[in-house]
Structures are given as C-alpha cells and as structure tokens.
Amino acid sequence: MRTLLKHAMIVTMNEEGQVYSDGNLLFEDDRIVQAGAEPVDESTCDEVLDLTGKIILPGLVNTHVHTSQQLARGLADDVDLLTWLHDRIWPYESHMTEEDSYISTLFCAAEQIKAGVTAIAEPGGQFVSGMARAVEEAGIRAKLANSVMDCGEGLPKAWQRSTKEELERQEEDIRRFHGTAAGRVEVWFGVRTIFNATDDLLLGTKELADRYGVGIHMHVAEAKSEVDYVKERLGVQTVTHLKDLGFLGPNLLAAHTVWLTHEEVEMFRDYGVKVSHNPASAMRVLGFAKVPRMLREGICVAIGTDGAPTNNRMDMVDEMWVTSLIHKGWRLDPTVVKAQEILRMATANGAEALQDGALYGSLEPGKKADLIIINPDSVGMQPMHDPIANLVTSMHSTNVESTVCNGKWLMRDRKILTFDEEALIQEAKVRAESIRSRAGIRMPERFPVR
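Residues numbered from 1 in each chain as written. Predicted model: local features only at pLDDT ≥ 70, side-chain atom pairs only at ≥ 80, totals over all residues. Heavy atoms only, no water.

1. Regarding unusual backbone geometry
Counted only if it meets this: We count a stretch as a helix when DSSP gives it H or I for four or more residues in a row; a strand needs E for two or more, and each element gets its number in order from the N terminus.
A cis amide bond links Q382 with the next residue in sequence, P383, at an omega value of -5°. One can find P383 in the loop between β15 (371-374) and α15 (387-393). In this structure, D78 takes a positive phi of about 60° despite not being glycine. With respect to the helices and strands, D78 occurs in the loop between β6 (60-62) and α1 (81-94). Phi at A182 takes a positive value of approximately 55°, unusual for a residue other than glycine. Position of A182 relative to the elements: it lies in the loop between α4 (163-177) and β9 (185-187).

2. Description of the packing of helix α2 (residues 98-114) against helix α3 (residues 128-138)
Geometry of a packed helix pair, given as the angle between the helix axes and the separation of the axes. This is how the line gets drawn: Only the contacting stretch of a helix is used when fitting its axis, a line to C-alpha atoms as for every element, and angles between N-to-C directions run 0 to 180 degrees. By definition, any crossing whose near helix is turned counterclockwise from its far helix by less than a right angle is left-handed, and any crossing with a clockwise turn is right-handed. Here a residue-residue contact requires only that any non-hydrogen atoms of the pair lie within 4.5 Å. Throughout, the ten residues Ala, Val, Leu, Ile, Met, Phe, Trp, Tyr, Cys and Pro are labelled nonpolar, Asp, Glu, Lys and Arg are labelled charged, and all others, Gly among them, are labelled polar.
It is the contact of α2 with α3, at a shortest axis distance of 7 Å, that shows an interaxial angle of 35°. With respect to the hand of their crossing, α2 and α3 are arranged in right-handed fashion. Note on element contacts: α3 touches α2 through S129, G130, M131, R133, A134, V135, E137 and A138, opposite E98, E99, S101, Y102, T105, L106, A109 and I113. Per-class residue counts for the contact of α2 with α3 are eight nonpolar, four polar and four charged.

3. Digging into the packing of aromatic side chains
The following threshold applies: Here a Phe, Tyr or Trp ring, Trp counted by its six-membered ring, pairs with any other such ring whose centre lies within 6.5 Å, and the pair is stacked when the planes are under 30 degrees apart, edge-to-face when over 60, and tilted otherwise. Only protein chains enter the accessibility calculation, which uses a 1.4 Å probe; a residue whose area is less than 20% of its type maximum is buried, one above 50% is exposed, and one in between is partly exposed.
On inspection of all chains with the given rule, the structure shows four aromatic pairs. Aromatic pair W90 and W159: ring centres 6.2 Å apart, planes at 75°, arrangement edge-to-face. Of this pair, W90 sits in helix α1 while W159 is found in the loop between β8 (141-144) and α4, placing the two residues 69 residues apart along the sequence. Judged by relative accessible area, which is 2%, W90 ranks as buried.

4. Regarding the pairing of strand β2 (residues 19-28)
Successive residues of a regular strand alternate their side chains across the two faces of the sheet. Our working rule: Here a strand pair is declared whenever DSSP counts at least two bridges between the two strands.
As paired strands, strand β1 (residues 2-11) and β2 are joined by seven bridges and run antiparallel to one another. Within β2, the position partnered with T3 by the bridge is F27. One ladder, built from five bridges, connects β2 with strand β3 (residues 31-36); its direction is antiparallel. What sits directly across from L25, in β3, is A35. Hairpin connection, β2 to β3: the antiparallel pair is bridged by two residues, and D29 has positive phi, about 55°.

5. Re the sheet that holds β6
Working definition: the strands of a sheet are paired by backbone hydrogen bonds and lie parallel or antiparallel to each other. Reading across the sheet, the four strands line up as β6-β7-β8-β9 and stay open at both edges, with parallel pairing between neighbours. The outermost strands of the open sheet, each flanked by one partner alone, are β6 and β9. Neighbouring strand axes in the sheet, compared pairwise and without regard to direction, differ in orientation by 15° on average. Where β6 and strand β7 (residues 117-121) come together, three bridges link them in parallel fashion. Bridging from a neighbouring strand, V61 pairs with A119 of β7. Strands β6 and β7 of the sheet are contacted by helix α12 (residues 316-331), whose axis makes an angle of about 85° with β6.

6. Let's talk about a nonpolar patch on the surface
Condition: Grouping into patches uses exposed residues only, defined as over 30% relative accessible area, and leaves out salt-bridged ones; the cut-off is 9 Å for like charges and 5 Å for nonpolar side chains (Val, Leu, Ile, Met, Phe, Trp, Tyr). Calculation of accessible area relied on Shrake-Rupley with a 1.4 Å probe; when residues are assessed, cover is drawn exclusively from the protein chains displayed. Take a side-chain nitrogen of Lys or Arg and a carboxyl oxygen of Asp or Glu: if they are within 4 Å of each other, that pair is a salt bridge.
Taken together, M283, F288 and W330 make up a surface patch of nonpolar side chains, about 270 Å² in accessible area. Mapping M283 onto the fold places it in helix α9 (residues 279-285). Among the residues examined, M283 registers a relative accessible area of 34% and is labelled partly exposed.

7. Digging into the pattern of salt bridges
In the structure shown here, the tally under the stated rule is 31 salt bridges. Of the charged contacts in the structure, one is a salt bridge between K368 and D30, with a shortest N-O distance of 2.5 Å. Residue K368 is located in the loop between α14 (348-353) and β15, and its partner D30 is located in the loop between β2 and β3; the two are separated by 338 residues in the primary sequence. By relative accessible area, which is 10% here, K368 ends up buried. R211 is the partner of E171 in a salt bridge, and the nearest nitrogen-oxygen pair spans 3.9 Å. In this pair, E171 sits in helix α4 while R211 sits in helix α5 (residues 199-212), placing the two residues 40 residues apart along the sequence. When its relative accessible area of 15% is taken as the criterion, E171 is described as buried.

8. A look at the side chain of D315
Just so we agree on the cut-off: Positive charges come from Lys and Arg alone, negative charges from Asp and Glu alone, with His and the N- and C-terminal ends not counted. Under this definition, polar contacts are N or O atom pairs within 3.5 Å; protein pairs additionally need one hydrogen-donor-capable and one acceptor-capable atom, and for neighbouring residues in sequence, both atoms have to be side-chain atoms.
Following the sequence through the fold, D315 ends up in the loop between α11 (308-311) and α12. One buried charge, D315, has no salt-bridge partner; the nearest side chain with opposite charge is R313, at 6.7 Å. Reaching out from D315, the side chain makes a polar contact with the backbone nitrogen of V317 at a distance of 2.9 Å.

9. A short note on the nonpolar core
Our working definition: Among buried residues, the Ala, Val, Leu, Ile, Met, Phe, Trp, Tyr and Cys ones that are joined through side-chain atoms within 4.5 Å form a nonpolar core.
With 121 residues, the main nonpolar core has M218, F268, M320 and L391 as its most contacted residues. Contact partners of M320, with chain neighbours within four places excluded, come to L60, I303, I342, L343, A346, L391, V392 and M395. In this structure, L5, A8, I56 and L363 belong to the second largest nonpolar core, which totals 16 residues.

10. Focus: the sheet that holds strand β14 (residues 301-303)
The strand order across the open sheet built from five strands is β10-β11-β12-β13-β14, with neighbouring strands paired in parallel fashion. A strand with exactly one partner marks an edge of an open sheet, and here the two such strands are β10 (189-191) and β14. Taken pair by pair, the neighbouring strands of this sheet meet at an average axis angle of 25°, ignoring direction. In this sheet, β14 lies alongside strand β13 (residues 274-277) in parallel orientation, the contact comprising three bridges. Each bridged residue has a counterpart across the sheet, and for H277 the counterpart in β14 is I303. Running over the sheet, α5 touches β10 and β11 (216-220) and is turned about 160° from β10. Those strands touched by helix α13 (residues 339-346) are β13 and β14, and its axis lies near 75° from that of β14.

Nothing here speaks to function; it is geometry throughout.
Below, the structure is given as structure tokens:
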C-alpha cells in the first residue's frame with residue numbers, strides 16, 4: 001500500500017530541522033519512502049490525499065504515562081502526597097483485575113491517539129498482559145513495565161513481594177510479551193521509586209535490563225521528601241546514590257527529576273541518562289525541574305503527561321504548551337526553552353528516550369510511518385505568523401485531524417478506527433466505579449448533591 005500525502009507543510013524534525021512549506025510525504029506499508037519537496041508519480045500510489053493548508057508532524061511520543069491510572073481520573077485532587085498515595089491511588093490500583101488493566105490502557109490509548117501520540121512509555125502498572133492486549137488492539141507503540149516495589153510503608157498486601165519475586169515476574173513478562181504486536185509492544189524493567197526499592201532490587205534491575213538490552217523506567221528525584229529521605233538515610237541525594245551503585249546509564253529513563261543538584265545534572269549528562277519532563281504533574285506539588293540547564297548540557301529531555309490522577313489531562317499538546325510557559329516564568333526569562341526545542345522534546349527526543357531514535361520521531365525516508373496530520377484552520381490556532389510557535393503554544397488536540405502509526409490509520413478525520421470509542425467510554429465508566437467501590441475509597445462531598 002503506497003499512500004501519498006501531498007501539498008502539506010512538512011515539519012520533519014530531522015537533525016537539520018527541515019521544514020517544507022509545500023511538501024509531499026509518501027509512505028509504503030509501514031515505512032516512509034519520501035518526505036520533501038520532490039514530486040511523486042501519483043500513478044504509482046494506491047491513495048493520494050491533498051493536504052493543502054495542513055501540517056504533517058511526526059507522531060508525538062508520551063514518555064511517561066500511567067495506563068493503569070487512566071480510570072482514576074479525578075480520584076485524588078486537592079490532597080497531599082501521602083493521602084494521594086496511601087488512601088487513593090494504591091488502594092485503587094491494587095484492586096484492579098487484568099480486564100480492568102486492559103480497559104484502562106485502551107481508554108488511555110484513545111486519549112493518546114486523539115492527541116496525536118503514536119508511542120508511549122508506561123513506568124509501571126498492573127498486569128502487563130492486559131496492557132499489551134490493549135496496545136496491540138489500539139495500534140500504538142508502547143514500552144510497558146510492571147509497578148515494581150520490594151519495600152516501603154503502606155504497601156497493599158497484594159503488592160508485598162520479595163526482590164526475587166519482583167525480578168522474576170518482569171523476566172516472565174519479557175518472555176511473553178516483548179516484541180509482540182509486530183514489534184510495537186516492548187517490555188522494560190520498572191522501578192516505582194527509591195522509597196520502595198532496596199539496593200538489591202536496583203542492582204538486579206540494572207543487571208537484567210543490560211542483559212536483555214531493554215530500558216529501565218523509574219521515578220527519580222521526584223519530590224523533596226524523596227531526596228530528603230535518601231540524604232538522611234545515606235548521606236547523599238537520590239541521583240548521587242544511584243551513580244554510586246552503578247545504576248545510571250543510557251538505558252535509564254528518569255521521570256520528573258525535579259530535585260537534582262547541578263552536579264547531578266552533570267551526572268545525567270556524563271552517563272547518558274534520558275529524562276521525561278512532566279510539567280503539569282510537577283506543578284501540583286513537586287516543583288520546577290532544571291530543564292533549561294539540562295538542555296544546555298545536551299541531555300535528552302523528552303515530555304510526558306504522567307497519570308490521570310496527577311494531571312487529569314493526558315494530552316501531549318497541552319503538555320507542550322505548559323512546558324512553553326513554566327520555565328520562562330520561574331526563570332523570568334522569555335528566551336529559554338524555545339518552541340522548536342519543545343517540539344523536538346515531544347518528537348525526536350521522545351523517540352531517543354525510548355531507544356527508538358532510528359525508528360521514528362522524525363519524518364525521513366526509511367523511518368516508520370508514524371505521523372499526524374494537523375488542520376490549523378480553527379479560531380484557536382489561526383493566524384499563523386510563526387507556524388512552529390503556533391504548533392507549541394496555540395494548537396489544541398482538536399486540531400489533530402488524523403493519526404498514523406506503523407503505516408496504519410488509527411484515527412482519520414477525528415474518528416478512531418481501531419476500536420469503538422463510544423462503547424469504550426461506557427465500559428470505562430462502569431469499571432472505574434466498580435474498582436473504587438471494591439477499594440473502599442470514599443470521595444469528599446464538595447457541594448451538597450440533591
């Protein structure tokens with residue numbers, strides 16, 4: 001199947017940052033054949049679409065999203081961190097079934113597809129089996145991981161496992177699901193947080209991830225309470241301890257990374273650690289990550305949404321906009337973290353963070369046909385004096401008209417094609433309430449309901 005998308009603005013996100021104002025993109029099956037200004041013989045194509053006035057971007061990459069928390073949206077607003085964790089999220093997740101995980105992940109995938117996301121990284125959820133089934137059905141790409149903890153206070157009984165048990169179940173998931181869905185599903189090793197990980201777990205995780213050639217996804221230096229805890233216990237902050245253990249490396253995707261010293265930023269640079277910046281989630285209670293400094297140091301910084309109970313909007317388009325604001329604000333410098341940098345964080349850097357820079361993240365011949373079509377003709381996005389800036393600061397997810405992953409149309413003209421979105425919404429509502437009821441979570445009454 002050869003598909004030609006003609007007369008579009010093509011924002012390639014290649015190393016040269018090439019943009020074609022009137023370009024043609026040709027993909028055959030799952031690969032891009034051509035992306036540029038050169039004409040294409042339409043007689044060789046099975047489908048030709050005239051995209052005059054529209055924009056083609058690489059698919060966005062969400063490098064940190066909790067698929068198992070999608071049905072918990074709104075469950076933990078306006079509460080402190082310990083209430084959020086011990087009274088709401090852990091009880092909720094620990095009462096999920098495999099089928100709940102499948103529906104939650106599929107529901108998450110729906111929101112991702114409609115926001116132009118073609119690849120995600122799950123830092124640790126419930127039932128990789130359910131997640132993998134949903135990802136295969138939805139048609140996106142995913143790096144999936146278990147929620148892994150071998151110590152810590154307040155863990156639900158169902159999650160109280162030994163280090164050996166945690167490592168073994170991850171190996172089993174790699175054997176069963178890694179490379180499935182025509183290679184779109186991969187299994188990584190997860191570590192939830194240093195609060196809940198012994199040094200044995202960290203060392204065992206590093207050894208196995210290196211052996212299998214996969215990534216490690218971990219919340220790192222997320223909260224001030226975390227680095228204070230590690231410093232009190234070990235005399236150093238989180239990242240320094242991970243460096244001393246030999247845990248840092250180019251296959252580590254570190255989420256949040258808010259509480260780093262300048263020296264620890266340099267450690268990330270020296271060890272090739274990748275960073276997932278989650279700006280909206282961080283604004284709840286975590287703080288401001290040193291993203292401008294990380295970018296100056298050449299660290300691969302990507303963007304993620306985090307989970308529905310911490311962000312509520314699992315929308316990478318919104319996340320780019322928030323990124324464009326917060327660093328200028330807290331630095332009092334409107335020149336930092338520019339639009340072109342943010343667009344790269346959401347595309348090419350995202351692919352690199354997921355160890356897939358050679359596969360997708362930019363629109364180039366030979367790469368996977370992972371792309372989105374944007375219709376900028378809306379009152380919220382026009383006029384476009386600076387199209388690159390508009391893509392970051394003015395675009396809404398409703399401007400994403402179509403989403404293609406691996407050469408397959410997942411959404412076309414705002415309609416998801418790989419599953420029934422309306423039926424899924426109804427199923428999600430029922431399951432969300434059922435999980436909350438089983439977990440015994442009581443919500444506060446904000447206003448009297450008659």
